[in-house]
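The primary structure of each chain is shown beneath.
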Amino acid sequence: MEKKITAGDSSAVISTFGAELKSLILNGRELMWSGDPKYWKKTSPVLFPAVGGLRDGCTLIDGDKYALPKHGFARDNEFECTSEIGSSLIFTLSDNTETLKMFPFRFNLSLCYTLTENSLEIVYQVENKSDVLMPFCIGAHPAFACPAEGWSFDDYRLVFQEKETVCSPVLDARTRLFKKEVGVWRLKNSSEYPLSYPLFDNDVLYFRGIASKSVALLNNADSGVRLTWEGFSSLGVWTPAGMNAPFVCIEPWCGCDDFEDGSGDFRDKPEVQTCLPGGSKYYVLTIESV
């Protein structure tokens, strides 16, 4: 089922399956990728309780082994629409018998979408209903239409809020794990990163440890989209390798793919979050047209 909210001439459509954003029109312009399965059927999956892949698809949690799919399971579950007020919708996923086989914690994951004429705010709430400290990763994965008509992919660049110096790890094509001592310099005291399809030949670009809390995807006319976030600690950027797909994903994360020298223990994962028993954690993403 899909739900629609409006604010003036702006609108957003969210599916209850995965609480996934399917359309976002701001200032008369559709910002989202269409979800054409020729390239990728998703549009904005929610990453929880994992971000990226695990070694052999498994992880250890408190000494026990669990099979947990890449990017977790939230994106492949039906959420309940628990609130519809004006231009705001809340979607909630709770633990169930199937999730407990993959992730042994009781939880609520809620996404609150609030639309204005100029922006969409998404608030992610993770509530720990277990009686022990709960580790988790969380991330956004929105795919934006790129290039726009009349432009090429090479006409676009990322513009970070701050000047950044980033050496990104590289995924091993065979194991799908980040290599231990191999990195690529993405930024050296710079705020701008030009895009091209060959950059994604080894999959995702991982901007780890950045100071910026916003980034814009802009063409040479400085038109595009800006994302601003709170709580997230890094950024993934992705388009499928070798496909020249007409979209790019801008992904604030807390978490990442496993490293080849990692312990395999979920609580040791880079950027892993923790939530106290009975507590909640909040993360915010705001999308604006530029």
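Higher on the page you've got the structure.
Just so we're clear, the structure is a prediction, and the values are computed from it rather than from any experiment.

**Details of the overall build of the protein**
The helix and strand tally for the protein stands at 1 helix and 22 strands. Relative to the globule expectation of 19 Å for 290 residues, the C-alpha radius of gyration of the protein, 18 Å, shows essentially globular dimensions. Counting only C-alpha atoms, the protein reaches 55 × 50 × 35 Å along its principal axes. The buried share of the protein, taken over its 290 residues, is 54%. Contacts in the protein between residues far apart in sequence, at least 24 positions, make up 66% of those at least 6 positions apart. Summed over its atoms, the accessible surface of the protein is roughly 12300 Å², and 47% of this surface lies on carbon and sulfur atoms. Each charge class in the protein can be summarised by its mean position, and for the 28 positive and 39 negative side chains these summaries are 4 Å apart.

**Notes on the sheet that holds strand S1 (residues 2–7)**
Spatially, 4 strands are ordered S1-S2-S3-S4 in an open sheet, and the strand pairing comes out antiparallel. Edge positions in the sheet fall to S1 and strand S4 (29–30), since each has one partner strand and no second. When strand S3 (residues 20–26) meets S4, the two strands line up antiparallel, connected through 2 bridges. The residue bridging Leu26 from the neighbouring strand is Arg29, located in S4.

**Side note on the layout of surface pockets**
What the largest pocket holds in volume is close to 210 Å³. Taken together, Arg29, Glu30, Leu31, Phe144, Ala145, Ala148, Tyr156, Leu217, Asn219, Ser223, Gly224 and Val225 make up the full set of residues lining the largest pocket. At the level of secondary structure, the elements contributing two or more residues to the lining of the largest pocket comprise S4, strand S13 (143–145) and strand S18 (224–230). Across the lining of the largest pocket, the residue classes tally to 7 nonpolar, 3 polar and 2 charged. Around the second largest pocket, the lining residues are Trp40, Gly52, Lys70, His71, Arg75, His141, Asp203, Val204, Trp238, Glu251, Trp253 and Asp257. Partitioned by chemical class, the residues of the lining of the second largest pocket number 4 nonpolar, 3 polar and 5 charged.

**Side note on empty space enclosed by the protein**
The tally for this structure, following the rule as stated, stands at 1 cavity of 30 Å³ or more. The volume enclosed by the largest cavity comes to roughly 40 Å³. As for the largest cavity, its lining consists of Leu21, Ser44, Val46, Leu111, Tyr113, Ile122, Tyr124, Ala140, Pro142, Leu285 and Ile287. Split into classes, the residues belonging to the lining of the largest cavity amount to 10 nonpolar, 1 polar and no charged.

Rules behind the numbers
- Residues numbered from 1 in each chain as written.
- Predicted model: local features only at pLDDT ≥ 70, side-chain atom pairs only at ≥ 80, totals over all residues.
- Heavy atoms only, no water.
- Helix = DSSP H or I, 4+ residues; strand = E, 2+ residues; numbered from the N terminus.
- Rg over C-alpha atoms; globule rule 2.2 N^0.38 Å.
- Buried < 20%, exposed > 50% of the residue type's maximum accessible area, 1.4 Å probe, protein only.
- Contact = heavy atoms within 4.5 Å.
- Areas by Shrake-Rupley, 256 points an atom, 1.4 Å probe, with all protein chains shown as cover.
- Lys, Arg positive; Asp, Glu negative; His and termini not counted.
- Charge placed at Lys NZ, Arg CZ, Asp CG, Glu CD.
- Pairing = 2+ DSSP bridges.
- 1 Å grid on protein atoms, 1.4 Å probe; cavity = no way out; pocket = protein on both sides within 12 Å on 5 of 7 lines; lining within 4 Å.
- Points joined across faces, edges and corners; volume = space filled by probe spheres on them.
- Nonpolar A, V, L, I, M, F, W, Y, C, P; charged D, E, K, R; others polar.

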